[in-house]
Amino acid sequence: IKKEAQNKTLKKNTKKKNKDEISNYVLDIYGIISKIGNCISIINQSKGFIRRRPSIKQLDDNDQMTITGYYMYHYDVVIHKLSTIRDLSYKLINITCKLGLNDKYCNWENLKKKKNQIPVVGIMNLQQLYYKLLEQIEEERNRSTHSGEINLTFLNELDIFVSASQTIRIYNIPLLKEWEP
């Protein structure tokens, strides 16, 4: 009887443990998908800010902001969030395929090493495509994050134009007034 009671307790604990593992598995996946959704939302917000570019008055009201700075900030947000989505997709594969990689080592190189453990071939093909598409963006993100560089040469021309326009307006230059945007 004692042994039977122990077996029942063991089975009950095993069921509880399995239920907890499944709950944690589902919560981990949900957490990553939610974070991806948040990144997409922030990207869409940044795109909206870029489309609704600020007026010169709004830039004048903020002494530290130039049109170049405005666009560079929002561009920087977008490239960082795209990179974050990529990293989160690696974690999602790690969890769903139960690869056992530590978050710190959950990267493209380590996923490739474990591709034989990934049951759906298309996942790695999709990741390879995503990796290639984001390669240049990742380089820009790294330059921005590690070197403080954002290279958007077309914005330099725009900043010069806006600065000239502000000068025309501030100093009320009559000959050029008609060219003000």
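Source: prediction; values computed, not measured.

Novice: Got a minute to help me understand the packing of aromatic side chains in this structure?
Specialist: Here the distance between the centres and the angle between the planes together describe a pair of aromatic rings. This structure, assessed with the given rule, holds two aromatic pairs. For the ring pair Tyr70 and Tyr71, a centre distance of 5.5 Å and an interplane angle of 80° mean the geometry is edge-to-face. With respect to class, Tyr70 is no different from Tyr71; both count as buried. Lying across the ring of Phe49, Arg52 places its NZ or CZ 5.8 Å from the centre. It is Lys98 that lies over the ring of Tyr25; its NZ or CZ is 5.0 Å from the centre.

Novice: Looking at this structure, how should I read the side chain of Asn110?
Specialist: With respect to the helices and strands, Asn110 occurs in helix H4 (residues 108–113). The class of Asn110 is buried, set by a relative accessible area of 16%.

So, how was this worked out
Residues numbered from 1 in each chain as written. Predicted model: local features only at pLDDT ≥ 70, side-chain atom pairs only at ≥ 80, totals over all residues. Heavy atoms only, no water. Phe/Tyr/Trp six-rings, centres within 6.5 Å; stacked < 30°, edge-to-face > 60°. Buried < 20%, exposed > 50% of the residue type's maximum accessible area, 1.4 Å probe, protein only. Lys NZ or Arg CZ within 6 Å of the ring centre and 35° of its normal. Helix = DSSP H or I, 4+ residues; strand = E, 2+ residues; numbered from the N terminus.

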